[in-house]
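Breakdown of the fold
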Amino acid sequence: MTQSGSPYDNALAERVNGTIKNDFFPKKVYKDHKEAKKAISKIVAVYNQKRPHASVDYLTPDEAHLKEGDLKKRWKKYYKPKSKWKAKNSFITSMYKRLIKKLISKS
């Protein structure tokens, strides 16, 4: 987590931490820091070199990093992007509103 204490501030790190905790060693207690650090190093190597990830076309992160070109995205979109016209129209509308406010305040 970050200084604010919110896990939403760094979602990527929280996702990796959750995967490590839940997929590799759920409820594992280490006898000391050295043992935990060694286990985490092995886990990170497996996570990056051997474990395929759906978000990178079922390649490992290392394979995805070496691949040239676009990767097929396999995650579902949960939002509907605005059309270009709506986004442009929204921008123009907000510009006019600011312009009108300026003109009114100068009067």
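Each remark here, short or long, concerns the structure printed above.
In what follows, the accompanying structure is described.

Rules of the game
Here the residue numbering is sequential within each chain, running from 1 through the sequence in written order. Owing to the predicted nature of the model, reporting of local features is limited to residues with pLDDT of at least 70; listing and counting of side-chain atom pairs is limited to 80 or more, with chain, interface and lining totals taken over all residues. Calculated side-chain values reflect all of the structure's heavy atoms, with hydrogen atoms and water omitted. Each helix is a run of DSSP H or I of at least 4 residues and each strand a run of E of at least 2, with the numbering of both proceeding from the N terminus. Throughout this description, buried means an accessible area under 20% of the type-specific maximum (1.4 Å probe, protein chains only), exposed means over 50%, and partly exposed covers the range between. Whenever two N or O atoms come within 3.5 Å, that pair is a polar contact, provided that in protein one can donate a hydrogen and the other can accept it, and provided that, for residues adjacent in sequence, both atoms are side-chain atoms. Each helix should span, by expectation, one fewer than its residue count multiplied by 1.5 Å. It is the directions from the helix axis to the C-beta atoms that the arc portrays. Pairs of residues are marked as contacts when any of their non-hydrogen atoms sit within 4.5 Å. Each patch is built from salt-bridge-free residues with over 30% relative accessible area, joining like charges within 9 Å and nonpolar side chains (Val, Leu, Ile, Met, Phe, Trp, Tyr) within 5 Å. Every accessible area reported is derived by Shrake-Rupley at a probe size of 1.4 Å, with residue values counting cover from the shown protein chains alone. In what follows, salt bridge is the name for a side-chain nitrogen of Lys or Arg lying within 4 Å of a carboxyl oxygen of Asp or Glu.

Its place among the elements puts His53 in the loop between α2 (33–49) and α3 (61–66). Look at His53 and you get buried, because its relative accessible area is 10%. A polar side-chain atom of His53 sits 3.0 Å from the main-chain carbonyl oxygen of Tyr47.

Let's shift gears to α2. Taking 1.5 Å per residue as the helical rise, α2 with its 17 residues ought to reach 24 Å, and the 24 Å between its terminal C-alpha atoms agrees with that figure. The complete set of buried residues in α2 reads Ala36, Ala39, Ile43 and Tyr47. Considered in projection along α2, the buried side chains sweep an arc of 80° and stay on one side of the axis. In α2, the exposed residues that point more than 90 degrees away from the buried face are Lys34, Lys37, Lys38 and Lys42.

Right, let's get into the side chain of Thr60. The topology assignment puts Thr60 in the loop between α2 and α3. In contact with Thr60, not counting residues within four places along its chain, are Asn48, Gln49, Lys50, Arg51, Pro52 and His53.

Note: most residues except glycine have negative phi, and most peptide bonds are trans. Backbone geometry places Asp57, a non-glycine residue, at a positive phi of 60°. One non-glycine residue with positive phi stands out, namely Tyr58, at about 60°. By the element assignment, Tyr58 lies in the loop between α2 and α3.

A surface patch of nonpolar side chains, amounting to about 540 Å² of accessible area, comprises Tyr96, Leu99, Ile100, Leu103 and Ile104. You can see Leu99 is positioned in helix α4 (residues 84–106).

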